Amino acid sequence: MPATVMVGTQWGDEGKGKFTDLVAKEMHLVVRYQGGHNAGHTLVVDGQSFALQLCPSGILYDHITPVIGNGVVVDPRVLIAEMDMLIERGVDPSRLRLSGNAHLILPYHQELDRLIERRLGSRKLGTTKRGIGPTYADKASRVGIRVQDLLDPDIFRAKLELLAREKNAVLAKVFNQLPLDPHEIAAEYLEICAPRLAPHIADTVTLVHEALERGENVLFEGAQATFLDLDHGTYPFVTSSNPVAGGVCTGAGVGPRYIDRVIGVAKAYVTRVGTGPFPTELAISTEAIGGKPAEHADQEEIRLGDHFVEVGREYGTVTGRRRRPGWFDAVMLRQAVRLNSLSELAITKLDILDGLDTVKVCVAYDVNGERVTHLPYHQSDLHAAVPVYEELPGWKTPVASVTAGDQLPPEAEAYLAFLESQVGVPVTLVGVGPGREQFVQRGAASR
Ligand code: GDP
Ligand code: IMO
Ligand code: MG
C-alpha cells in the first residue's frame, strides 16, 4: 500500500485535515501537491486545535516527513509564520521539506488577486485573496519565480526585475495603483525568508521516490476539492490548480501506477465558500457571499440551513467567511468517484445530522424537464438543475461518542449504506466529531 491520496470530493472544507492526520499515523511521508495558503486544514488533538495552511497535516507526528511538493504555490512569509506557530506550540517542523520547484507567491500576486476581484464587482469569484490565481498564471506564462531562486540572489533579482516591470505597469495602467518596490521585496525574500527556508529546500521528487522504493507509505494530501479543480470544477468558480487525484502526478512527480488507494473525503452534507453554482443549496437567515437569497425560501429550509451553519460551525478556517450549506449531493459524488477513481469514502460530520427528523440526499437533477443522474457537463444546465431528493429517517441518539461502526444508530447506518449504494464506493471512515479520536472505521470491530 505505498501511495494513498486523500482528496476533497465537494467544494472544500470536507475535513481532509482531520483524516490526513488520522491516516498519517501509518505513513512515512505526507505530501501536499497543489494549492497554497488558500487551504485551511483543521486538526483537533487532545482538545487543541491547529489550523494549517501550508504544512501537511501529518506534521504533528514525529515519525513523519512532511513535504510541500512542486505543485504548491508558497508565500514564504506565511510558511515561516506557520512554522513559528508550530514551534511555539511544541511541534518541531525541522523535518519539513519544500520543493525547490514550487512557485513563490509574491506581494504582486496578492495585490492583483485583490484588485481583480474588486474589478469583477458582483461577478467576483470570492477568492481567498491569497494570490493563488495570479501566481499559477505566471507559472503557466513561464515568468514565475521558484523557491530554488531564493538560493541564488542574482537570479532572483534578475527575474524579479523583469516581473516587477510588467506588474507595476499593470498596477498603474489597469488599476491606477502605486507600484510595489522590487528592492523591498527582494530584501524581505532574500535576506529574511531565504536563510530561514534554505535548510528545508529539497529535491522532493527524489525524496518521494526513494521512500516509495523503500516500500514506505506515502500519503498525498489534497487541498481544495474536486469541484474547485481548474479543469473539472464549476469553472470559472474554481481555484487555479488541480486538486483531483491526478494532480498528484504533476504536483508531486509520481506516475499514476504508484497510486493504489484514493480516499475521497465528503461531508455528510455539503458546503461551499465563495460564489458559483450549488444545486442542493439551502437558504440561511444571514448573508454568505454568493449564497441563496432567503426572501423566497420557506422557514423550514432556512431552519435547516441555519442548523448546518451554526451546529456545523461552518465558518472558513482561513478567511472566517460563512460557508453556504446544502444537502448531500450524490450526483456530484458520482462524478467525483470517476474523476479521482476513488477506492473509498471518508464521510465527515455525521454528528451534525444528529436530531434531524429526516435527512435528504440528492439522487438526480431535473434539468429543463429531463431527469439526469450524472453531472451535466454544460455549466448552464448545472445552474438550472433542480435536485431530486430521497428522504430518509433521521436519528435522535448522538453519534459523537460512538467508536465502532456497529454502534451507530440504525438510521445513521442506513444513511451511510444509502450513500454507498448511490455512489458505488464503500464508506470506510466516518467522522463523528472534530477530535482525532472521534471517528468510526466501518466494517471493523470496536477500538
Ligand atoms: P479541510 O479544509 O477539508 O481540512 O476542512 P476544514 O478544516 O476547513 O473544515 C472542517 C471542519 O470540520 C474543521 O473545523 C474540523 O475540525 C471539523 N470536523 C472535521 N471532521 C469533523 C466531524 O466528523 N465532526 C465535526 N463536528 N467536525 C468535524
Ligand atoms: P481547503 O483545502 C474551500 C475557494 C474560494 C473561492 C475559490 C477560488 O481548506 O478545503 P482561490 O483563493 O483559491 O483563488 O479561490 O476557491 N477555495 C476554497 N474553498 N476550501 C478551500 O480549501 C478553498 N480554497 C479555495 O473560496 O471560491
Ligand atoms: Mg478548509
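Now for a description of the structure that goes with this document. (Residues numbered from 1 in each chain as written. Chains lettered and ligands numbered in written order. Predicted model: local features only at pLDDT ≥ 70, side-chain atom pairs only at ≥ 80, totals over all residues. Heavy atoms only, no water.)

Quick notes on the site of ligand 1
Among the 19 residues in the neighbourhood of ligand 1, the closest are listed as Gly15, Lys16, Gly40, Thr42 and Asp351. Within the backbone of Gly40, an N or O atom sits 2.8 Å from an oxygen atom of ligand 1. Gly431 has a polar backbone atom sitting 3.2 Å from an oxygen atom of ligand 1. Protein contacts shield 91% of the accessible area of ligand 1, which totals 580 Å² for the unbound molecule. (Near = heavy atom within 4 Å. Polar contact = N/O pair within 3.5 Å; in protein donor to acceptor, adjacent residues only side chain to side chain. Areas by Shrake-Rupley, 256 points an atom, 1.4 Å probe, with all protein chains shown as cover.)

Section: unusual backbone geometry
The peptide bond linking Tyr235 to Pro236 adopts the cis configuration, its omega dihedral lying at 5°. Mapped onto the elements of the fold, Pro236 is located in the loop between β10 (218–221) and α8 (247–252). Phi is positive for Asp46, which is not a glycine, with a value near 50°. Of the residues examined, Asp46 reaches a relative accessible area of 75% and is grouped as exposed. (Helix = DSSP H or I, 4+ residues; strand = E, 2+ residues; numbered from the N terminus. Buried < 20%, exposed > 50% of the residue type's maximum accessible area, 1.4 Å probe, protein only.)

A word on the layout of surface pockets
Over the atoms rolls a probe the size of a water molecule, and in doing so it shows where empty space is left. The computed volume of the largest pocket comes to approximately 900 Å³. Breaking the lining of the largest pocket down by element, the ones donating at least two residues are α3 (107–120) and α4 (132–140). Where the lining of the second largest pocket is concerned, the elements lending two or more residues are α1 (16–23) and β3 (41–45). When grouped by side-chain class, the residues that make up the lining of the second largest pocket number six nonpolar, eleven polar and nine charged. (1 Å grid on protein atoms, 1.4 Å probe; cavity = no way out; pocket = protein on both sides within 12 Å on 5 of 7 lines; lining within 4 Å. Points joined across faces, edges and corners; volume = space filled by probe spheres on them. Nonpolar A, V, L, I, M, F, W, Y, C, P; charged D, E, K, R; others polar.)

Observations regarding the packing of aromatic side chains
Enumeration over the complete set of coordinates arrives at six aromatic pairs. Plain terms: the ring middles of Phe308 and Trp327 are 5.3 Å apart, the flat faces sit at 85° to each other, and that makes the pair edge-to-face. With a gap of 19 residues between them, Phe308 in helix α9 (residues 299–311) and Trp327 in the loop between β13 (324–326) and β14 (328–329) connect regions that are remote in the sequence. Pair check on accessibility: Phe308 and Trp327 agree, each one buried. In textbook terms, an aromatic cluster arises when at least three aromatic residues are bridged by ring pairs, as seen for Trp11, Phe227 and Phe278. (Phe/Tyr/Trp six-rings, centres within 6.5 Å; stacked < 30°, edge-to-face > 60°.)

So, the coordination of the magnesium ion (ligand 3)
Metal coordination angles have textbook ideals: 109.5 degrees for a tetrahedral set of four donors and 90 or 180 degrees for an octahedral set of six. At the metal site, the magnesium ion (ligand 3) is ligated by Asp13 (OD) and Gly40 (O), and these contacts range over 2.0 to 2.2 Å. Residue Asp13 is found in the loop between β1 (3–8) and α1, and its partner Gly40 is found in the loop between β2 (29–32) and β3; the two are separated by 27 residues along the sequence. Classification of Gly40 as buried rests on a relative accessible area of 11%. (Donors = N, O, S within 2.8 Å, 3.2 Å for Na, K, Ca; no water.)

Looking at helix α5 (residues 153–173)
Three- or four-residue spacings in an α-helix give side chains the same orientation, since the helix completes a turn every 3.6 residues. Taking 1.5 Å of rise per residue, the 21 residues of α5 would be expected to cover 30 Å, and the 29 Å separating its terminal C-alpha atoms lies within 8% of that figure. Of all the residues in α5, the buried ones are Phe156, Leu160, Leu163, Ala164, Lys167, Asn168 and Leu171. In this structure, the buried side of α5 is in contact with β8 (103–104), α3, α4 and α6 (182–197). (Expected span 1.5 Å × (residues − 1). Contact = heavy atoms within 4.5 Å.)

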